[in-house]
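What follows is the residue order along each chain.
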Amino acid sequence: MYKSYLFLPFVFSFAFTHVAAAQDKSLTIYTYESFTAEWGPGPKVKEEFEKTCDCMVNFVSVADGVALLSRLKLEGEATDADLALGLDTNIAAEAKATGLFEEHRVDIAAVEVPGAYRDDVFVPYDYGHFALVYDTEVLSAPPSSMKELVEGDPAQKIVIQDPRTSTPGLGFLLWVKSVYGDQAPEAWRKLRQRILTVTPGWSEAYGLLTKGEVPMVLSYTTSPAYHMVAEGTERYQAASFAEGHYIQIELVGLLKTSDSKELARQFLQFVTTPAFQNVIPTNNWMMPAAAMSEPLPEAFSRLVKPQKTFLMDPQHVADNRHAWIDEWLAAMSGQ
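First things first, this report covers the structure right here in the doc. If you're wondering where the values come from, they're calculated on a predicted model, not measured in any experiment.

1. Thoughts on the overall build of the chain
Then comes step 1: On a plain count of helices and strands, the chain comes out with twelve helices and twelve strands.
Then comes step 2: Expected size for 335 residues packed as a compact globule is a radius of gyration near 20 Å; at 19 Å, the chain falls within 12% of this value.
Then comes step 3: In terms of overall dimensions, the chain has C-alpha extents of about 60 × 45 × 35 Å along its principal axes.
Then comes step 4: Counting across all 335 residues of the chain, residues that qualify as buried make up 57%.
Then comes step 5: Look at the contacts in the chain between residues 6 or more apart in sequence, and 79% of them connect residues 24 or more apart.

2. What about the pairing of strand S1 (residues 26-32)?
Then comes step 1: The buried fraction of S1 is high, at six of seven residues.
Then comes step 2: Pairing of S1 with strand S2 (residues 56-62) involves seven bridges; the strand directions are parallel. Note on S2: the bridge partner recorded for Tyr30 is Val60.
Then comes step 3: Looking at chain direction, S1 and strand S3 (residues 83-88) are connected through two bridges and run parallel. By the bridge assignment, Ile29 is partnered in S3 with Leu83.

3. Topic: the pattern of salt bridges
Then comes step 1: According to the stated counting rule, one finds 18 salt bridges in the structure shown.
Then comes step 2: Salt-bridge contacts for Asp162 lead to Arg164; the nearest nitrogen and oxygen are separated by 2.7 Å.
Then comes step 3: Judged by its relative accessible area of 10%, Asp162 is buried.
Then comes step 4: By relative accessible area, which is 43% here, Arg164 ends up partly exposed.

4. Focus on the nonpolar core
Then comes step 1: Membership of the largest hydrophobic core comes to 106 residues, with the highest contact counts inside it found for Phe101, Phe172, Trp175, Trp188 and Phe267.
Then comes step 2: Looking at this core element by element, the count peaks at nine residues for strand S5 (residues 122-135).
Then comes step 3: In this view, Trp175 contacts Phe130, Ala131, Leu132, Met146, Leu218, Phe241, Gly244, His245, Tyr246 and Phe310; residues no more than four positions away in its chain are not counted.

5. A look at the environment of Pro288
Then comes step 1: Within the element layout of this structure, Pro288 appears in strand S11 (residues 287-288).
Then comes step 2: Overall, the relative accessible area of 13% leaves Pro288 in the buried class.
Then comes step 3: In this structure, the C-alpha to C-alpha distance between Pro288 and Tyr127, residues 161 residues apart in sequence, is 6.7 Å.

6. Looking at the side chain of Ser145
Then comes step 1: Counting through the fold element by element, Ser145 comes out in the loop between S5 and helix H5 (146-151).
Then comes step 2: Polar contacts involving the side chain of Ser145 include one to the main-chain amide nitrogen of Glu148, which spans 3.0 Å.
Then comes step 3: Ignoring any residue separated from it by four or fewer positions in sequence, one finds Ser145 in contact with Ser240, Phe241, Ala242 and Glu243.

7. What to know about the state of the cysteines
Then comes step 1: Enumeration over the complete set of coordinates arrives at one disulfide.
Then comes step 2: A sulfur-sulfur distance of 1.9 Å marks the disulfide that ties Cys53 to Cys55. In this structure, the disulfide formed by Cys53 and Cys55 twists by about -80 degrees around the S-S bond and is classed as left-handed.
Then comes step 3: For Cys53, a relative accessible area of 3% corresponds to the buried category.

8. Concerning the packing of aromatic side chains
Then comes step 1: Tallied over the entire structure, the rule returns 18 aromatic pairs.
Then comes step 2: Ring centres of Phe270 and Phe276 lie 5.9 Å apart, and the angle between their planes is 85 degrees; on these two criteria the pair is classed as edge-to-face.
Then comes step 3: Through a chain of ring-to-ring contacts, the aromatic side chains of Tyr32, Phe35, Phe49, Phe59, Tyr125, Phe267, Phe270 and Phe276 assemble into a single cluster.

9. Some details on unusual backbone geometry
Then comes step 1: Phi at Asp54 is positive, roughly 50 degrees, even though this residue is not glycine.
Then comes step 2: Its place among the elements puts Asp54 in the loop between helix H2 (42-53) and S2.
Then comes step 3: The backbone of Arg105 shows a phi angle near 55 degrees, a positive value even though the residue is not glycine.
Then comes step 4: In this fold, Arg105 is placed in the loop between strand S4 (101-102) and S5.

Rules used throughout
- Numbering of residues starts from 1 in each chain and follows the order in which that chain's sequence is written.
- Confidence filtering applies because this is a predicted model: local features only for residues at pLDDT of at least 70, side-chain atom pairs given and counted only at 80 or more, and all residues used for totals across whole chains, interfaces and linings.
- Hydrogens and water molecules were not included; the side-chain quantities draw on all heavy atoms of the structure.
- Numbering of helices and strands runs from the N terminus, with a helix taken as a DSSP run of H or I at least four residues long and a strand as a DSSP run of E at least two residues long.
- In this description the radius of gyration comes from C-alpha coordinates, and the expected globular size is given by 2.2 Å times residues to the power 0.38.
- Exposure categories follow from relative accessible area, calculated using a 1.4 Å probe and restricted to protein chains: below 20% of the type maximum is buried, above 50% is exposed, and the middle band is partly exposed.
- Note on definitions: a residue-residue contact is assigned when non-hydrogen atoms from the two residues lie within 4.5 Å.
- For two strands to be treated as a pair, DSSP must find at least two bridges joining them.
- For salt bridges, the criterion is a side-chain nitrogen of Lys or Arg within 4 Å of an Asp or Glu carboxyl oxygen.
- What makes a nonpolar core is a set of buried Ala, Val, Leu, Ile, Met, Phe, Trp, Tyr and Cys residues whose side-chain atoms join them at distances within 4.5 Å.
- We define a polar contact as two N or O atoms separated by no more than 3.5 Å, with the added condition that, inside protein, one atom must be a possible hydrogen donor and the other a possible acceptor, whereas residues neighbouring each other in sequence contribute only through side-chain atom pairs.
- Two cysteine sulfur atoms form a disulfide, by the criterion used here, when they sit within 2.5 Å.
- Ring pairs are drawn from Phe, Tyr and Trp, using the six-membered ring of Trp, whenever the two centres fall within 6.5 Å, and their geometry is named by plane angle: stacked under 30 degrees, edge-to-face over 60, tilted for the rest.

Next up, the structure:
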């Protein structure tokens, strides 16, 4: 998802609109807060698309991808959204089960993500591997595997996000499950000793790292690129795990109740073009899901490159997510 590294202690919700005299055609896109923030990709995406559509793009933001799905479920067919941008493969099947989405019917041949994910409802727009990002001025020897993280020094604290409210938090839950399988509850009981706190979303967690309150936080392998490109520092780095890393593939989908389906499909096609993809690496700090017209910044060549990628089938996640969250809650409460 994600990510607003600037001004981290505060997260704002923005709706970008034109003046009343703007074009009659409009598109309402529900997404997450760091996408629409002034330092996020939203403003540039809006500007680029409005050059081509003779329309007005309105972003409506919520805290996270999980919160986005919850809002859509609550609003149902009364939703004002034409598109939902910020779901991921881990909640895609659950999103489909709501009956609120319809087939995108656009050409996604240009899209290329690890695992060759394809779907007739959702269009991938970026991806990133989860990782523990650490402060090199505090930790000289970060964990090099999930096993070392779980069984490491409890005095070296980490911060994670809640899998009930956060897509990174859910991704980490699935990462642990991918590595430990049926032994995941035991792993969580051990890891619990290292967890300083569990935050509702990514921004709060990452802010604790940059403020020096914790030496490690759940984030992405791409997170250090922000610090290298925008701040000129290599202080924050991602730990490479021997077992591999779980991937997040972010998605955008069309709501059945949209009154602007032709325009919405135009945006879905736009997502696969360089005009959109060029914005992703240095504004959302994720990897592009399709070709760009400009090279990635050199810093991206120095990021951790996972030797193995974990990604569960979306339906398998939908079938088990609530049970696995209950399992996590029990372990975190000491049961």
